[in-house]
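# Structural characterization, general
Below are the chains, spelled out letter by letter.
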Amino acid sequence: MTGRYDPFLNFRFRIEIDGIQQAGFRDVTGFDANIGVVYYREGTDPKYVRKLSGLATFGPLLLKWGATSSLDIYNWFKAGIDGAAERKNISIIAVNENGDDEARWNIMGAWPSKYIAPAFDAMANEIAIEALEITFERIDKVG
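Now for a description of the structure that goes with this document. Predicted model only: the values in this text are computed from it and were never measured.

## What to know about the environment of Leu 52
- With respect to the secondary-structure elements, Leu 52 resides in strand E4 (residues 50-58).
- Note: C-alpha distance between Leu 52 and Gly 36 (16 residues apart in sequence) is 8.6 Å.
- What Leu 52 contacts, discounting residues up to four positions off in sequence, is Gly 36, Val 37, Val 38 and Tyr 40.

## A closer look at the nonpolar core
- The biggest cluster of nonpolar side chains holds 22 residues, and the ones touching the most others in it are Ile 15, Ile 17, Leu 61, Leu 63, Ile 90, Ile 107 and Ile 134.
- Among the elements that line this core, the one with the most residues is strand E7 (residues 101-116), at four residues.
- Apart from residues lying up to four places away in sequence, Ile 107 is in contact with Phe 31, Leu 61, Lys 88, Asn 89, Ile 90, Ile 92, Phe 136, Arg 138 and Ile 139.

## Quick look at a nonpolar patch on the surface
- A grouping of Val 37, Tyr 39 and Val 49 is seen on the molecular surface, where their side chains present a nonpolar patch of about 300 Å² in accessible area.
- Along the chain, Val 49 turns up in the loop between strand E3 (33-40) and E4.

Cut-offs applied
Residues numbered from 1 in each chain as written. Predicted model: local features only at pLDDT ≥ 70, side-chain atom pairs only at ≥ 80, totals over all residues. Heavy atoms only, no water. Helix = DSSP H or I, 4+ residues; strand = E, 2+ residues; numbered from the N terminus. Contact = heavy atoms within 4.5 Å. Core = buried A, V, L, I, M, F, W, Y, C linked by side-chain atoms within 4.5 Å. Buried < 20%, exposed > 50% of the residue type's maximum accessible area, 1.4 Å probe, protein only. Patch = residues over 30% accessible without salt bridge, like charges linked within 9 Å, V, L, I, M, F, W, Y side chains within 5 Å. Areas by Shrake-Rupley, 256 points an atom, 1.4 Å probe, with all protein chains shown as cover. Salt bridge = Lys/Arg side-chain N within 4 Å of Asp/Glu carboxyl O.

Written out as structure tokens, the structure is:
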């Protein structure tokens, strides 16, 4: 008999980025994977097309957080502009009600490809949000 598996709550998560301490991520989206389809047919095959697995593609990942005076994430992006792009590993961790890790998605070979500065509006009543689009090479789910 197997145990009970309740679904993860999507608002209980944390993110780890190699060498960057950043708290308060608002949301993370786009950590998806796709396997391409290669269509193939030889002249002696029946009248249908074979479908073979092709290349795997991933993302892009989009991180959003409340803007602060911290420059850690922005400097990672700026290094790429300055010609010194650095690949890092990222983990997105689902956390249970007790604060324990439940599942982890490990993102490998990640580097920032787009930075989005906060929009400011004197009539608004919300947190200023920064965002970073991240390109990556691989994703693995653990746990």
